[in-house]
Amino acid sequence: MTLPEGVERHTFDGTARLATRGEPVYGEPTDGEWRAWNPHRSKLGAMLELGLDTGLTGGETALYLGAAAGTTASHVADFAGPTYAVEFAARPMRDLLDAAEPRSRLFPLLADARSPEEYAHVVEPVDVIVQDVATRGQAAVATTNSRFLREDGRLLMAVKARSEDVTRDPEAVFEDALDELRGAYEILDTERLTPYHDDHLGVVARPLSEQ
Amino acid sequence: MTSNADSSGWFEDVDPDDLSGARDAIEHGTSESPADWPVEAVEDGFAADEDDYYDKLHEATIAAAREQVRERERADDRQLVHAVRAMDDARRTANELAERVAEWAGSRYDDAGTGVEYARELADADTGGEHEETGAAPDYGATSASDPSAERLRALAARTAELADEADQLERFVETAAHDVAPNLAAMAGPVLAARLISLSGGLDDLAKSPSSTVQVLGAEDALFAHLRGNAPSPKHGVIYTHEYVRGTRETDRGSAARALAGKLTIAARVDHYSGERRPELDAELDERIRTIRQRGADE
């Protein structure tokens, strides 16, 4: 597994953990300028930990959908280039602002990821979309946001089964989501995010080239 | 690709030396598709180079999001107050109308019931509502066509049921909104009581500034002023009586329980107002305190 540049296995108190360099955000262990990236609190962290081929190399332009309090978005901003972080809820946005303040290339946007036209006048075409939205219709969000991805860009997405339908078998929910994604993306890799996150599927995809 | 009119960047009409107008542009601007905004901004003369553009974008997005958040959160607590008051009005009015319906129906039908449920039953009667009454079960449907007063009665019953439904919808809204506005208070008090406390004190900031002794008797103002005039005992609790920790504690310890609950609710309201972070340990502390108070009775 290759980690993107700017992400390392760094030793904290004798344990090697994923880490990036930047201001601490959520009380994570730090060592010098390195701060631990907890895969239990971050789906992208779990995807890297589990060895999914994310195609990340470091320094790319990123659009983060569902940035919440900025736990993961801050790590992305640490190793990526300009990072646009979209979050809809006001309360987590407050914490995201604290994470964004010292990161000069992390841009917080209070907007609804289901309506990309509300932020397309700010966000440039990006190399990678990281999506972690916990609403129904996660595949639709990924599809409508595919307009932001450059031709060889990557979608890194965590599908949360319980957000779609708590009563259905997660496998069936994932199948439906992947089917819908195939309308706009070519699926490159998938993997369940256990043991870090129950009932989540990590997805790596590439936009279908326009005909 | 970027030449069409509905695709212009947020910086288009923003003065690069004064980003105060940027919030409006970021919040309300739209574009169908993204474009290479950093390049366009430099071409337009908005920024000297890419780095300069990103610096400006950072400043503008942070300022915009901060103001939006402040506004949204301020607005939310007002909305919650209106919603919980509307919920109480809707419920009280539905009950009053249900009484009227019952009284009116009683003059016509032998088996007239009471309450909102009866109004609902009466309203649904012509769409196949069933009646279990034996013997003189009236045929509501048959009377309606020929009897204008039965028509009015049923229409009133339908409005009553709808109003009760609206009260339920409002309660559902209050439940969600209370958790957004005051997560700690809502978790500790339950969303509806949390909303009532905010409503009674006028807003979350007023509640956060209230001493715990005030929170303890919110909603018992009449009793409090009677006490202050010197002709009544001091009230031990206001609306917080509806909380299980007060109501479910034996009477001799109820004052202590109310005081303990009010104290923690006050802290929860302050955390919600000044930090907004969820602090589950507050609930644990209250649980522990109530256990101790209830223990006193059990020991005797």
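Residues numbered from 1 in each chain as written. Chains lettered and ligands numbered in written order. Predicted model: local features only at pLDDT ≥ 70, side-chain atom pairs only at ≥ 80, totals over all residues.

Engineer: Help me understand the overall build of chain A in this model?
Structural biologist: Across its full length, chain A carries six helices and eleven strands. Partitioning the contacts of chain A with sequence separation of at least 6, the portion at a separation of at least 24 is 57%. (Helix = DSSP H or I, 4+ residues; strand = E, 2+ residues; numbered from the N terminus. Contact = placed C-beta atoms within 7 Å.)

Engineer: Sorry if this is basic, but what is going on with the confidence of the model for chain B here?
Structural biologist: Residues and elements named next belong to chain B. Mean pLDDT over chain B: 86, with 89% of residues reaching 70 or higher. This stretch, residues 1-5, has a pLDDT under 50; its non-local contacts, to residues over four places away or in other chains, come to four contacts. Confidence drops under pLDDT 50 across residues 127-137; counting only partners more than four residues distant or on other chains, this segment forms seven contacts. Prediction confidence for the complex, expressed as pTM and ipTM, is 0.61 and 0.94 respectively. (pLDDT = per-residue confidence, 0-100.)

Engineer: I'm lost on the packing of helix α6 (residues 148-181) of chain B against helix α8 (residues 191-201) of chain B in this one. Help?
Structural biologist: When two helices pack together, their arrangement is given by the angle between the helix axes and by the axis-to-axis distance. Residues and elements named next belong to chain B. One can describe the packing of α6 onto α8 by two numbers: an axis separation of 8 Å at closest approach and a directional angle of 75°. In terms of axis orientation, α6 runs roughly perpendicular to α8. The residues of α8 that touch α6, namely those facing Glu171, Val174, Glu175, Ala178 and His179, are Pro191, Val192, Ala194 and Ala195. Per-class residue counts for the contact of α6 with α8 are six nonpolar, one polar and two charged. (Axes fitted to C-alpha atoms, helices over the stretch in contact; angles between N-to-C directions. Parallel < 35°, antiparallel > 145°, perpendicular 65-115°, else oblique. Nonpolar A, V, L, I, M, F, W, Y, C, P; charged D, E, K, R; others polar.)

Engineer: Explain the nonpolar core here, please?
Structural biologist: Across soluble globular proteins, nonpolar side chains have a tendency to be buried as a group. Ranked by size, the top nonpolar core spans 84 residues in total, and within it Tyr64, Ala85, Val86 and Leu109 of chain A carry the most contacts. The residues contacting Leu109 of chain A, other than those within four sequence positions of it, are Tyr84, Ala85, Val86, Tyr119 and Val122 of chain A together with Thr61 and Ala65 of chain B. Listed in part, the 58 residues of the second largest apolar core include Ala125, Met188, Leu207 and Ala260 of chain B. (Core = buried A, V, L, I, M, F, W, Y, C linked by C-beta atoms within 7 Å. Buried ≥ 20, exposed ≤ 12 C-beta atoms within 10 Å, placed from the backbone.)

Engineer: How should the pairing of strand β1 (residues 7-12) of chain A be read in this particular structure?
Structural biologist: Two faces belong to every sheet, and in a regular strand the side chains alternate between them. Residues and elements named next belong to chain A. Pairing of β1 with strand β2 (residues 15-21), which is carried by six bridges, proceeds in the antiparallel orientation. Residue pairing across strands places Phe12 opposite Thr15, the latter belonging to β2. Two successive antiparallel strands, β1 and β2, enclose a turn made up of two residues, where Asp13 displays a positive phi of approximately 50°. (Pairing = 2+ DSSP bridges.)

Engineer: Whenever I open this one, the sheet that holds strand β10 (residues 185-192) of chain A confuses me. Can you help?
Structural biologist: Within a sheet, adjacent strands bond to each other through the backbone by hydrogen bonds, running parallel or antiparallel. Residues and elements named next belong to chain A. Taken in spatial order, the seven strands of this open sheet run β7-β6-β5-β8-β9-β11-β10, and their pairing is mixed. At either end of the open sheet lies a strand with only one pairing partner, and these are β7 (106-110) and β10. Neighbouring strand axes in the sheet, compared pairwise and without regard to direction, differ in orientation by 15° on average. Against the sheet, helix α3 (residues 90-100) makes contact with β6 (83-87) and β7, and its axis sits at roughly 165° relative to β7, the strand it touches most. Along the sheet, helix α6 (residues 170-181) contacts β9 (149-160), β10 and β11 (200-207); its crossing angle with β10, the most-contacted strand, is approximately 160°.

Engineer: So what exactly am I meant to see when it comes to the packing of helix α4 (residues 115-124) of chain B against α6 of chain B here?
Structural biologist: Residues and elements named next belong to chain B. Their axes nearest at 8 Å, the elements α4 and α6 cross at an angle of 125°. Compared by their axis directions, α4 and α6 come out oblique. Between α4 and α6 lies a crossing of left-handed hand. Contact with α4, carried on its side by Val116, Ala119, Arg120, Leu122 and Ala123, involves Arg154, Ala157, Ala158, Thr160, Ala161 and Ala164 of α6 and no other residues of that element. Looking at the contact of α4 with α6 residue by residue, the class counts come to eight nonpolar, one polar and two charged. (Left-handed = near helix turned anticlockwise from the far one by under 90°.)

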